[in-house]
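Listed below, chain by chain, are the residues.
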Amino acid sequence: MTPADKIYVAGHRGLAGSAVCRELHRLGFHNVVTRTRMELDLLDSKAVDLFLQSERPSHVFVAAAKVGGIWANHTQPASFLWENLQIQNNLIHGAWKAGVGKLLFMGSSCIYPKLAPQPLREEYLLTGPLEPTNEWYAVAKIAGIKMCQAYRRQHGCDFISAMPTNLYGPNDNYDPQGSHVLPALIRKFHEAKVSRSSEVVCWGSGSPLREFLYSDDLASALVFLMQNYSGEDFINVGSGSEITIHDLASLVRDVVGYDGPIVWDSSKPDGTPRKLMDSSRLFAMGWQPRTPLREGIVRAYADFVSRN
Ligand code: GFB
């Protein structure tokens, strides 16, 4: 990738895509093309073809997806399956037709079997049943990995895939029902502090373990892979450390500065018990995460406060 290359970032307003844009800018890649949802409907294959064939980007980051937390995934299976298949099919197939030189598809750690050995190594894909709360999203992401592999084999396309762990950072979705746990906790504890609530209700048992990666670290990994990796195997992108949801809730409460009790709502699902990536392949290539969890939460909270 050179500064003259035209780079299309699909999903540039989201958590991951906006971080990729910041990282490209920081590294001196200024020929970046973006389109808002109003300007380009990624569900519309004709519109995507027209866009890719007129812009002719040399590199594409597929950071556009329908995403959400455990409850959104659980309650909107059709939307998560159809929208994600449609977006990624349009972009990957369209990129081949438009002669895109390199494409990076972003998946998710939920592609792995619910009870796979931990930490999750890339070769555990398709070795067991998926976690039911997000199998629709996972099936779409697995199809995206396979699309990249198939276009590489049949058409010689340099299309690669990266599997990030749970992400957080600026431009996150803070919707109380639809968001992931970290933005949900930031919002809940902030609102409880401001309104002096007597308690904060969190979902599930608090016992599941999750690994979190700050979005700027994700972006540095994705740009690193775009520049340094060409292969059929997808690559895990994680921080390497995990925390229980119970301890995460205490940490966010502490950062936000709320001092009331936490109550656990067992009517909400826990999801998969543990989801720790083995990112040793990426680490061996020379990439490392930079942001400790507490520091990332401090920055994410500052971003939340600046927007509310
Ligand atoms: O982040 P999250 O929604 O998704 O939830 P997953 C992680 C854990 O936090 C679950 C608990 O055990 C939740 O029950 N939790 C506690 C909460 N309080 C809350 C809350 O207020 N909001 C939310 N959202 N959770 C997602 C998948 O799984 O991970 C997606 O559904 C995607 O498909 C993403 O793969 C990375 O980590 O369980």
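Rules and cut-offs
- Residues numbered from 1 in each chain as written.
- Predicted model: local features only at pLDDT ≥ 70, side-chain atom pairs only at ≥ 80, totals over all residues.
- Heavy atoms only, no water.
- Axes fitted to C-alpha atoms, helices over the stretch in contact; angles between N-to-C directions.
- Helix = DSSP H or I, 4+ residues; strand = E, 2+ residues; numbered from the N terminus.
- Parallel < 35°, antiparallel > 145°, perpendicular 65-115°, else oblique.
- Left-handed = near helix turned anticlockwise from the far one by under 90°.
- Contact = heavy atoms within 4.5 Å.
- Nonpolar A, V, L, I, M, F, W, Y, C, P; charged D, E, K, R; others polar.
- Buried < 20%, exposed > 50% of the residue type's maximum accessible area, 1.4 Å probe, protein only.
- Phe/Tyr/Trp six-rings, centres within 6.5 Å; stacked < 30°, edge-to-face > 60°.
- Lys NZ or Arg CZ within 6 Å of the ring centre and 35° of its normal.

1. Here's the deal with the packing of helix H2 (residues 45-55) against helix H4 (residues 77-97)
For the pair H2 and H4, the least separation of the axes is 9 Å and the interaxial angle reads 40°. Our classification of the angle between H2 and H4 gives oblique. Crossing angle aside, the handedness with which H2 passes H4 is right-handed. Residues Ser 45, Val 48, Asp 49, Leu 52 and Gln 53 of H2 pack against Asn 90, Leu 91, Gly 94, Ala 95 and Lys 97 of H4. For the contact of H2 with H4, the per-class residue count stands at four nonpolar, four polar and two charged.

2. Structural notes on the environment of Leu 251
Its place among the elements puts Leu 251 in helix H8 (residues 245-256). Among the residues examined, Leu 251 registers a relative accessible area of 17% and is labelled buried. C-alpha separation for the pair Leu 251 and Pro 269, spaced 18 residues apart in sequence, amounts to 21 Å. Setting aside residues no more than four positions away along its own chain, Leu 251 makes contact with Ile 243, Leu 293, Arg 294 and Ile 297.

3. Quick word on the packing of aromatic side chains
Enumeration over the complete set of coordinates arrives at 10 aromatic pairs. Relative to Tyr 137, the ring of Phe 80 has its centre 6.0 Å away and its plane inclined at 80°; by these criteria the two rings are edge-to-face. On the criterion of sequence distance, the pair formed by Phe 80 in helix H4 and Tyr 137 in helix H5 (residues 135-155) is long-range, its members being 57 residues apart. Accessibility classification places Phe 80 together with Tyr 137 in one group, the buried group. On the basis of an interplanar angle of 25° and a centroid distance of 6.1 Å, the ring pair of Phe 283 and Trp 287 is categorised as stacked. Residue Phe 283 is classed as partly exposed on the basis of its relative accessible area of 24%. Under the relative-accessibility criterion, Trp 287 is labelled buried at 4%. In this arrangement the basic side chain of Lys 66 is found over the ring face of Phe 80, its NZ or CZ atom lying 5.0 Å from the centre. A cation over an aromatic ring shows up here: Lys 268 above the ring of Trp 203, its NZ or CZ 5.2 Å from the ring centre.

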